[in-house]
Amino acid sequence: MTEAKAGDEDFGRLSEPFRRELLAYCYRMLGSVDEAEEVVQDVYLDAWRAYGAFEGRSSMRTWLYRIATRACFKALEKGRRRPLPADLGAPQTNLDAALGPQARELPWLQPIPDFLFTAAPADPATVVVERQTVRLALVGALQQLPPRQRAVLILRDVLQWRTAEVAQLLEMTTAAVNSALQRARAQVPLSHDDLTEPAEPRQRALLDRYVTAFETADVDQLVAVLAEDARWEMPPIVTWFEGRDRILAFLAKQMPAIGPAVLVPTSANGQPAFAVYARGSDGVPRPHALHVLTLTTEGVSRVVAFHGPGLFPLFRL
């Protein structure tokens, strides 16, 4: 076996176990699965090229994270923040008003399929933590932070790195890391993001009712599902609604156009999700939207309905 071949095999064996967590890290940083996958591909290519000079002064994991962080910072130099509709303005209160325009030119926050970042097999507790720290609301909140604060918060509070490790990776002093962490926590308090989800039987019942409501085009079914202060967002449409009554009034107008839909369960960002197929005039179901749900003990508290078929291939639908 040649020396180069042996080096390639060593690099693959040592680096491959970190690919999923690096993808999740880059996704949290960038808010885009597409960009995160591109960055991770570049990270592995750059690391492979530089592997001959890797002296092992840090672990392979730390070395890869250093390369990935620099790549994310470079990608974020464009200054494009990835929002959801609720980040752009107040909810619509006039139910007679037309829906706002579709802002397809905006770089919207993307959901991520669970199978891309959840390792299998894995310790159940680890899976829970992975899912909680990639929730759509949390990733959206992270996009509001400057890149360096974002990296500090993720490395310290999500990945549980020590302050000294973060300081070394980001080439900062420990005092600067602590200062950045304090400012980031003030804007994105992770401890407040933990939602009290309903118990499994209640969760199953909520999801079953949600499916029934759309498969029968029955708005009244949603009354038993939505929380009173629920939110409904529809990127790339900028208009969004808050409050169960307003959401139901809006959907009462939209359901006839969608017709009895077909829902296929999936999962995104550690949350339940559904691919919604609307039936056309010919009765054939076609991709309509991907719904990502947030569940609380009060019911479905948030639905982000990503309109259009663009995400369906990403979710292998």
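The following refers to the structure shown. (Residues numbered from 1 in each chain as written. Predicted model: local features only at pLDDT ≥ 70, side-chain atom pairs only at ≥ 80, totals over all residues. Heavy atoms only, no water.)

1. As for the overall build of the chain
The condition that has to hold: Put simply, DSSP H or I for four residues or longer makes a helix, DSSP E for two residues or longer makes a strand, and each gets a number counted from the N terminus. Just to be clear, the radius of gyration here is over C-alpha atoms, and the globule rule we use is 2.2 Å times residues to the power 0.38. Residue exposure (1.4 Å probe, protein chains only): buried if accessible area is under 20% of the type maximum, exposed if over 50%, otherwise partly exposed. Any two residues having at least one pair of non-hydrogen atoms within 4.5 Å are treated as being in contact. Per-residue and other accessible areas follow the Shrake-Rupley method at a 1.4 Å probe size, with only the shown protein chains counted as cover for residues.
Per the secondary structure count, the chain includes 13 helices and six strands. Taken against the 2.2 N^0.38 rule, which gives 20 Å for 317 residues, the C-alpha radius of gyration of the chain at 21 Å falls within 12% of a compact globule. For the chain, the C-alpha atoms occupy an extent of roughly 65 × 45 × 40 Å along the three principal directions. Expressed as a percentage of the 317 residues in the chain, the buried residues total 49%. Excluding contacts between residues fewer than 6 apart, the proportion of contacts in the chain whose partners are at least 24 apart in sequence is 65%. Put simply, the chain shows about 15400 Å² of open surface, and 51% of that area lies on carbon and sulfur atoms.

2. Overview of the state of the cysteines
Selection criterion: In plain terms, two cysteine sulfur atoms within 2.5 Å form what is called a disulfide here.
Inspection of the entire model under this criterion finds zero disulfides. With no disulfide of its own, C26 has C72 as its nearest cysteine by sulfur position, at a separation of 3.6 Å.

3. Looking at helix α9 (residues 163-170)
Put simply, the rule reads: The reported arc concerns the directions from the helix axis to the C-beta atoms and nothing else.
Of all the residues in α9, the buried ones are T163, V166, A167, L169 and L170. When α9 is viewed along its axis, its buried side chains cluster within an angular range of 165° and face the same direction. On the buried face of α9, the contacting elements are α4 (60-75), α8 (147-158) and α10 (174-187).

4. Points about unusual backbone geometry
In this chain, P235 is followed by P236 through a cis amide linkage whose omega measures 10°. Of note, Q160 is a non-glycine position whose phi angle comes to about 65°, a positive value. By the element assignment, Q160 lies in the loop between α8 and α9. The phi angle at A217 is positive, at roughly 50°, despite the residue not being glycine.

5. What about the side chain of Q203?
Among the secondary structure elements, Q203 is positioned in helix α11 (residues 200-215). When residues no more than four places from it in sequence are discounted, the contact partners of Q203 are E197, P198 and L295.

6. Observations concerning the nonpolar core
Put simply, the rule is: Take the buried residues of types Ala, Val, Leu, Ile, Met, Phe, Trp, Tyr and Cys, join any two whose side-chain atoms come within 4.5 Å, and each joined set is a nonpolar core.
Counting residues in hydrophobic clusters, the biggest one holds 69 residues, and the most contacted among them are Y25, M29, L155 and L170. Not counting chain neighbours up to four residues away, the residues in contact with L170 comprise T69, F73, R148, A151, V152 and L155. Judged by nonpolar contacts, the second largest core, of 31 residues, contains L222, A230, M234 and M255.

7. Digging into empty space enclosed by the protein
The condition that has to hold: A cavity, in this analysis, means grid points on a 1 Å lattice covering only the protein atoms where a 1.4 Å probe fits yet has no way out; a pocket is instead an open set bounded by protein on both sides within 12 Å along at least five of seven lines, and a residue lines either one if it has an atom within 4 Å of a point. Grid points are joined across faces, edges and corners, and a volume is the space filled by probe spheres set on the points. For this scheme, ten residues count as nonpolar: Ala, Val, Leu, Ile, Met, Phe, Trp, Tyr, Cys and Pro. Four count as charged, namely Asp, Glu, Lys and Arg, and the remainder, Gly too, count as polar.
Enumeration over the complete set of coordinates arrives at one cavity of 30 Å³ or more. Of the residues belonging to the lining of the largest cavity, the class tally is three nonpolar, no polar and three charged.

8. Observations regarding the side chain of R302
Stated formally: Under this definition, polar contacts are N or O atom pairs within 3.5 Å; protein pairs additionally need one hydrogen-donor-capable and one acceptor-capable atom, and for neighbouring residues in sequence, both atoms have to be side-chain atoms.
Tracing the sequence through the fold places R302 in strand β6 (residues 299-307). Using a relative accessible area of 15% as the deciding quantity, one classes R302 as buried. Of note is the side chain of R302, whose polar atom sits 2.7 Å from the side chain of E233. Sequence-distant contacts of R302, that is, excluding residues within four places in its chain, are made with L84, A86, A137, R231, E233, V292, L293 and T294.

9. What about the pattern of salt bridges?
Rule in force here: A side-chain nitrogen of Lys or Arg and a carboxyl oxygen of Asp or Glu constitute a salt bridge if their distance falls within 4 Å.
Enumeration according to the criterion identifies 13 salt bridges in this entry. Between D10 and R13 there is a salt bridge; the shortest N-O distance is 3.3 Å. Here D10 pairs with R13, and both are found in helix α1 (residues 3-15), just three residues apart, close to one helical turn. What makes R13 exposed here is its relative accessible area of 55%.

10. What to know about α8
The α-helix winds at 3.6 residues per turn, so residues separated by three or four positions along the chain end up facing the same way. How we decide: Any helix carries an expected span of 1.5 Å times its number of residues minus one.
Between its first and last C-alpha, α8 extends 15 Å over twelve residues, near the 16 Å set by a 1.5 Å rise per residue. Here α8 lies mainly inside the structure; ten of its twelve residues are buried. Along α8, the residues classified as buried are Q149, R150, A151, V152, L153, I154, L155, R156, D157 and V158. Of the surrounding secondary structure, the elements contacted by the buried residues of α8 are α2 (19-30), α4, α7 (136-142), α9 and α10. Count one or two residues on from α8 and you reach Q160, which has phi positive near 65°.

11. A short note on the sheet that holds β6
Let me state the cut-off plainly: At least two bridges found by DSSP between two strands is the condition for calling them paired. The angle between two axes is taken between their N-to-C directions and runs from 0 to 180 degrees, where each axis is a line fitted to C-alpha atoms and a helix contributes only its stretch in contact.
Taken together, six strands build an open sheet; the order of strands is β2-β1-β6-β5-β4-β3 and the sheet is mixed. In the strand order of this sheet, the two ends are held by β2 (237-242) and β3 (262-268), each with one partner. The mean angle between the axes of side-by-side strands here comes to 20°, regardless of whether they run parallel or antiparallel. Direction of pairing for strand β1 (residues 226-234) relative to β2: antiparallel, over a ladder of four bridges. Among the inter-strand pairings, W232 is bridged to a residue of β2, identified as F241.

Coordinates in, geometry out; function isn't part of it.
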